[in-house]
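Chains, contacts and geometry: an overview
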Amino acid sequence: MLYTLLCYNKEDVVWSWSKEEDEAVMSRLSVVHERLVKEGKLGPSLRLLPTTAATTLRGPGVVIDGPFAETKEQLLGFYVIDVENLDAALAVAKELSEANPTSTYEIRPIALYVPETRPNAPTQMLKMY
């Protein structure tokens, strides 16, 4: 079954990390990522730019710069995983949480998944920040 693991954190804290702090967290997360890839369980995953880069469409034709809501934590990224059940999804979320303990992970079953079909879609990790 497909699940998404939504990663929430305080973006002002995350984006204030030094390069070394960010690399340390990403290195710990990479251990989990690599294991999931080897097991054939990791689908797309991504890290979002801060909400200051967001644009929101509210209703027909109302475009707002920034995020849709003021919250204490922001959605920073997500993982798509293919695991047997909710318990297995929770186990992966726990591993990610151990690697990045300041984040909160929300686990949701996926109702619809449309696979990547662009012929020029990236096939390797892209770092946009």
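Here the structure is shown first, and the text comes after it.
A few points on the structure. Note that the structure is a prediction, hence the values are computed from the model and not measured.

Each value, and the rule that gives it
- Residues numbered from 1 in each chain as written.
- Predicted model: local features only at pLDDT ≥ 70, side-chain atom pairs only at ≥ 80, totals over all residues.
- Heavy atoms only, no water.
- Phe/Tyr/Trp six-rings, centres within 6.5 Å; stacked < 30°, edge-to-face > 60°.
- Lys NZ or Arg CZ within 6 Å of the ring centre and 35° of its normal.
- Buried < 20%, exposed > 50% of the residue type's maximum accessible area, 1.4 Å probe, protein only.
- Helix = DSSP H or I, 4+ residues; strand = E, 2+ residues; numbered from the N terminus.
- Pairing = 2+ DSSP bridges.
- Contact = heavy atoms within 4.5 Å.
- Core = buried A, V, L, I, M, F, W, Y, C linked by side-chain atoms within 4.5 Å.
- Salt bridge = Lys/Arg side-chain N within 4 Å of Asp/Glu carboxyl O.

**Quick notes on the packing of aromatic side chains**
Considering all chains together, one arrives at zero aromatic pairs under this definition. Lying across the ring of Trp-15, Arg-47 places its NZ or CZ 5.3 Å from the centre.

**Focus on the pairing of strand S1 (residues 2-9)**
Most of S1 sits inside the fold, with six of its eight residues counted as buried. Of the strand pairs in this sheet, S1 and strand S5 (residues 74-82) are connected by eight bridges, and their pairing is antiparallel. Bridged to Cys-7 within S5 is Gly-77. As defined by bridge partners, S1 adjoins strand S6 (residues 104-109) across six bridges and the pair is classed as antiparallel. Paired with Cys-7 across the bridge in S6 is Tyr-105.

**Considering the environment of Ser-45**
Along the polypeptide, Ser-45 turns up in strand S2 (residues 42-47). The class of Ser-45 is partly exposed, set by a relative accessible area of 35%. The sequence separation of Ser-45 and Leu-57 amounts to twelve residues, and the corresponding C-alpha distance is 24 Å. Not counting residues up to four positions away in its chain, the partners in contact with Ser-45 are Phe-78 and Tyr-79.

**A word on the nonpolar core**
Judged by nonpolar contacts, the single largest core of 20 residues is most densely connected at Ile-81 and Leu-96. Residue assignment for this core shows that the elements contributing at least two residues are S1, helix H2 (19-38), S5 and helix H3 (86-99). A per-element tally of this core places H3 first, with six residues. Other than its neighbours up to four places away in sequence, Ile-81 contacts Met-1, Leu-2, Tyr-3, Leu-5, Leu-36, Lys-41, Leu-42, Ala-89 and Val-92.

**Looking at the pattern of salt bridges**
On inspection of all chains with the given rule, the structure shows seven salt bridges. As a salt-bridge pair, Arg-47 and Asp-22 come within 2.7 Å of each other at their nearest N and O atoms. Pair noted here: Arg-47 is in strand S2 and Asp-22 is in helix H2, with a separation of 25 residues, a long-range link. Under the relative-accessibility criterion, Arg-47 is labelled partly exposed at 27%. Using a relative accessible area of 9% as the deciding quantity, one classes Asp-22 as buried. Taking the shortest distance from any N to any O, the salt bridge between Arg-35 and Glu-39 comes out at 2.7 Å. For Glu-39, a relative accessible area of 39% translates into the label partly exposed. Among the ionic contacts, a cluster of salt bridges with common partners joins Arg-35, Glu-39, Lys-41, Glu-84 and Glu-95.

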